[in-house]
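Structural characterization, general
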Amino acid sequence: AEAPLLAAAPRASYQVILPKDPDKGFIIVYEFPDPARAAAAAMEQQAWLATGPGRVQRPQGTVTVIRQVGNTIVYYDWLPGAAQDPTAPGIQTALESLGTGFPVSN
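Residues numbered from 1 in each chain as written. Predicted model: local features only at pLDDT ≥ 70, side-chain atom pairs only at ≥ 80, totals over all residues. Heavy atoms only, no water.

Brief notes about the nonpolar core
Counting residues in each nonpolar core, the largest one holds 17 residues, and the members touching the most others are Leu6, Tyr30, Phe32, Leu49, Ile66, Ile73 and Tyr75. Every element with two or more residues in this core is listed here: β2 (26–31), α2 (35–49) and β4 (72–78). Broken down by element, this core gets its largest block of residues, six residues, from α2. Once residues lying within four places of it in the same chain are set aside, the contact partners of Tyr75 are Ala1, Leu6, Phe26, Ile27, Ile28, Tyr30, Gln45, Leu49, Thr64, Val65 and Ile66. Membership of the second largest hydrophobic core comes to 10 residues, among which are Ile27, Val63, Val65 and Val74. (Core = buried A, V, L, I, M, F, W, Y, C linked by side-chain atoms within 4.5 Å. Buried < 20%, exposed > 50% of the residue type's maximum accessible area, 1.4 Å probe, protein only. Helix = DSSP H or I, 4+ residues; strand = E, 2+ residues; numbered from the N terminus. Contact = heavy atoms within 4.5 Å.)

Considerations on the environment of Asp21
Relative to the helices and strands, Asp21 is located in the loop between β1 (11–15) and β2. A C-alpha to C-alpha distance of 27 Å links Asp21 and Gly99, two positions 78 residues apart in sequence. Leaving out residues up to four positions away in the same chain, Asp21 has contacts with Ala82, Ala83, Gln84 and Asp85.

Focus: the environment of Leu6
As for its placement among the helices and strands, Leu6 is situated in helix α1 (residues 4–8). Taking the C-alpha atoms as reference points, Leu6 and Ile17, 11 residues apart in sequence, are found 24 Å from one another. Leaving out residues up to four positions away in the same chain, Leu6 has contacts with Arg11, Tyr30, Phe32, Ala41, Glu44, Gln45, Ile73 and Tyr75.

Observations concerning helix α4 (residues 88–95)
Residues of α4 that are buried: Ala88, Ile91, Gln92 and Leu95. Burial along α4 is one-sided: seen end-on, the buried residues are contained in an arc of 95 degrees. (Arc of directions from axis to C-beta.)

Some thoughts on the sheet that holds β1
The strands that make up a sheet pair up through hydrogen bonds in the backbone, lying either parallel or antiparallel. In space, the five strands of this open sheet follow the order β1-β2-β4-β3-β5, with antiparallel pairing throughout. Every other strand in the sheet has two partners, leaving β1 and β5 (100–101) as the edge strands with one partner each. Pairing of strand β3 (residues 63–69) with β4, which is carried by seven bridges, proceeds in the antiparallel orientation. Within β4, the residue paired with Val63 across the bridge is Trp78. Against the sheet, α2 engages β3 and β4, with an angle of about 165 degrees to β3. Relative to β4, α4 is tilted by about 155 degrees, and along the sheet it contacts β2, β3 and β4. (Pairing = 2+ DSSP bridges. Axes fitted to C-alpha atoms, helices over the stretch in contact; angles between N-to-C directions.)

Some thoughts on the environment of Tyr75
Note that Tyr75 resides in strand β4. Since its relative accessible area comes to 8%, Tyr75 is described here as buried. For the pair formed by Tyr75 and Arg11, sequence separation is 64 residues and the distance between their alpha carbons is 10 Å. Polar contacts involving the side chain of Tyr75 include one to the side chain of Gln45, which spans 3.5 Å. (Polar contact = N/O pair within 3.5 Å; in protein donor to acceptor, adjacent residues only side chain to side chain.)

Structure representation (structure tokens):
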């Protein structure tokens, strides 16, 4: 579920290995030409996730982390109630230490 600016951006996908939940832990990093466009994309995604269409595309209770680091946006979401690996919350904690955050209400 992506707003238009993120949907059109080049990206790389990374996975934090969670031994008890091997299909989870994906982090997406989007690249933009400059920090201003990255911030605009983060704000657009933040606003989009608060809309009806943005909300219905994610299970209730999903926690979303959007962070800007220079000209990149780091994006991660997870569902605490469905996490099977006890180390899963550490991904959110680590990512929240990066750059500037764009909070998304649950």
